[in-house]
Amino acid sequence: VKNIILPFLLSIMVFPQANRLTTYDELSSIVYALDESSDILKVELIGKSVSGRNLYGMFFSENNFGEDQDKIKVLFFAQQHGNEQSGKEGALRLASELLNPENKFLFKKIDLVLIPQVNPDGSEIDKRLNANGMDLNRNHLILSEPETISLHKLFNKYLFHVSLDVHEYYPYSKSWKEFGFYKTADEQFGLTSNLNVPESIRKYSKQKVLPFMREWVNDKGFSFNEYLVGGPPNLERLRHSTVDINDGRQSLGVQGTLSFILEGKNGKDSSADNIEFRAEGQKTAMLGLLNFVYDNASEIKLMISEEREKDKQGPVVIRMEHVSSGESIIVPAQDVNTGIGYFYNNLKLSSCSK
Ligand SMILES: [Zn+2]
């Protein structure tokens, strides 16, 4: 009875009001209520924020997390940037949905830790940085902040095979407005690009994971693109995000992890704008990646374990820069005035190379 009634009550409780953001106190109640409602979920504190707020790890496993070596270990973490609210909201929706009977099959193969909120202090005041004024997603090398230290301690304990860092991008800048178009993908999915990330992992990400994610997200009614930053094209290079290793995605990637970043579209006028749709988009993409991992679990585990066993005596890349490869790309965009969508073709992409 417990397992039937509580999820129903939770589905009402988790999303109390339309277009309102979940507070830290509400999030705390929700994660513990979800824990109470199910045997496959256990909530643990993985650390504390600068201001002493809890960092919750939601451990999903059909037995004891991490004990069964046949399982593939997956780490999802959201809202390193406190003003990117749909990551947290999507993660809470995902947590609730994963307890539904139709998703239980995933845990035949997967042990998942979901951290819905890495930066609760920033979230409470809707600001990007943590309470020390640090950008947590530039802190994965120096690890000076309690939030990033907690995350890497957790990673080091379990050595996850797959990771996903959930963010938002803001397409409504002045320069794009003047250009006449906004980037419009509901979900952008970014791959590792630093050359210290094993080549097999970068190729697998591009050739197998990316097409699956595109199809999955499109099928569920959300637009999708490989993550692009920069532009507009007459002003700034469009490129596949940073090649530095101090962010979440690359810092785990260089440790031989199949690692990704997810970028939902931010609200136009406030962080709560259209939040239900945005949260659904984030949840949908996260669920898509879990399904991919389930379908390909043994292949991924083999690739990761082979890479981690290798003696890494190759060249070490300290610093990289994007250069133009001449490759043409498609940028989903919408007209600033009419809202009509277009695909921008034949923009020169600056992508990484040696
Ligand atoms: Zn971000």
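Residues numbered from 1 in each chain as written. Predicted model: local features only at pLDDT ≥ 70, side-chain atom pairs only at ≥ 80, totals over all residues. Heavy atoms only, no water.

Moving on to the side chain of Asn139. Residue position: Asn139 is located in the loop between helix 4 (120-124) and helix 5 (146-158). Asn139 gets classed as buried once you look at its relative accessible area, which sits at 0%. Among all residues touching Asn139, those that are not within four sequence positions of it are Met134, Ser144, Glu145, Thr148 and Asn246. (Helix = DSSP H or I, 4+ residues; strand = E, 2+ residues; numbered from the N terminus. Buried < 20%, exposed > 50% of the residue type's maximum accessible area, 1.4 Å probe, protein only. Contact = heavy atoms within 4.5 Å.)

Here the focus is the coordination of the zinc ion. Surrounding the zinc ion are the protein donor atoms His81 (ND1), Glu84 (OE), Glu84 (OE) and His167 (ND1), at 2.0 to 2.5 Å. Coordination at the zinc ion is irregular, judged from the four donor atoms that bind it and the angles of 56 to 150° they form at the metal. Of note, the donors binding the zinc ion are all from one chain and are spaced H-x2-E-x82-H. Of this pair, Glu84 sits in the loop between strand 3 (72-78) and helix 3 (85-98) while His167 sits in strand 5 (residues 162-169), and the two are 83 residues apart along the sequence. Given the relative accessible area of 6%, Glu84 is considered buried. Residue classification places His167 among the buried positions, given a relative accessible area of 1%. (Donors = N, O, S within 2.8 Å, 3.2 Å for Na, K, Ca; no water. Tetrahedral: all angles 85-135°; square planar, octahedral: opposite > 155°, others 65-115°.)

Inspection of the secondary structure puts Glu147 in helix 5. Note on Glu147: relative accessible area 1%, which makes it buried. Taking C-alpha positions, Glu147 is 6.3 Å from Val118, a pair spaced 29 residues apart along the chain. Dropping the residues within four chain positions of it, Glu147 is found in contact with Lys48, Ser49, Val50, Leu55, Val118, Asp121, Asn130 and Leu136.

This part covers the packing of aromatic side chains. Evaluated as defined, the whole model comprises 20 aromatic pairs. Between Phe59 and Phe65, the aromatic rings sit 5.0 Å apart at their centres with planes inclined by 85°, giving edge-to-face as the arrangement. On the basis of an interplanar angle of 50° and a centroid distance of 6.3 Å, the ring pair of Phe65 and Phe160 is categorised as tilted. Separated by 95 residues along the polypeptide, Phe65 in the loop between strand 2 (54-60) and strand 3 and Phe160 in the loop between helix 5 and strand 5 bring together distant segments of the chain. Each member of the pair, Phe65 as well as Phe160, carries the same accessibility label: buried. By way of ring pairs, the aromatic residues Phe59, Phe65, Phe155, Tyr158 and Phe160 are connected into one cluster. If you follow Arg53 out to its NZ or CZ, it ends over the ring of Tyr24, 5.7 Å from the centre. Directly above the ring of Trp216 sits Lys220, whose terminal nitrogen or CZ lies 3.7 Å from the centroid. (Phe/Tyr/Trp six-rings, centres within 6.5 Å; stacked < 30°, edge-to-face > 60°. Lys NZ or Arg CZ within 6 Å of the ring centre and 35° of its normal.)

What follows concerns the nonpolar core. In this structure, Phe60, Phe76, Leu112, Phe189, Leu258 and Leu289 are the most contacted members of the largest nonpolar core, which totals 56 residues. Top element by residues in this core is helix 9 (residues 275-295). It accounts for eight residues. Judged by nonpolar contacts, the second largest core, of 16 residues, contains Phe59, Phe65, Val118 and Leu136. (Core = buried A, V, L, I, M, F, W, Y, C linked by side-chain atoms within 4.5 Å.)

So, on to the packing of helix 7 (residues 199-219) against helix 10 (residues 297-309). Packed helix pairs are characterised by how far apart their axes lie and by the angle those axes make with each other. Remark: helix 7 packs on helix 10, axes separated minimally by 10 Å, with the N-to-C direction vectors making an angle of 155°. With respect to each other, helix 7 and helix 10 are oriented roughly antiparallel. Residue-level inspection shows Ser200, Ile201, Tyr204 and Lys208 of helix 7 in contact with helix 10, the latter providing Glu299, Ile300, Met303, Ile304 and Glu307. For the contact of helix 7 with helix 10, the per-class residue count stands at five nonpolar, one polar and three charged. (Axes fitted to C-alpha atoms, helices over the stretch in contact; angles between N-to-C directions. Parallel < 35°, antiparallel > 145°, perpendicular 65-115°, else oblique. Nonpolar A, V, L, I, M, F, W, Y, C, P; charged D, E, K, R; others polar.)

A few words on the side chain of Lys88. Along the chain, Lys88 turns up in helix 3. Residue Lys88 is classed as buried on the basis of its relative accessible area, which comes to 1%. For Lys88, the side chain forms a polar contact with the main-chain oxygen of Thr22, separated by 2.6 Å. At 2.7 Å, the side chain of Lys88 and the side chain of Gln85 are in polar contact. (Polar contact = N/O pair within 3.5 Å; in protein donor to acceptor, adjacent residues only side chain to side chain.)

Turning our attention to the packing of helix 7 against helix 9. Relative to each other, helix 7 and helix 9 sit at 130°, their axes nearing to 9 Å. In terms of axis orientation, helix 7 runs oblique to helix 9. Considering only the axes of helix 7 and helix 9, their crossing is right-handed. For the pair helix 7 and helix 9, contact is made by Tyr204, Lys208, Val209, Phe212, Met213, Trp216 and Val217 and by Thr284, Ala285, Leu287, Gly288, Leu289, Asn291, Phe292 and Asp295, respectively. Residues belonging to the contact of helix 7 with helix 9 are distributed by class as follows: ten nonpolar, three polar and two charged. (Left-handed = near helix turned anticlockwise from the far one by under 90°.)

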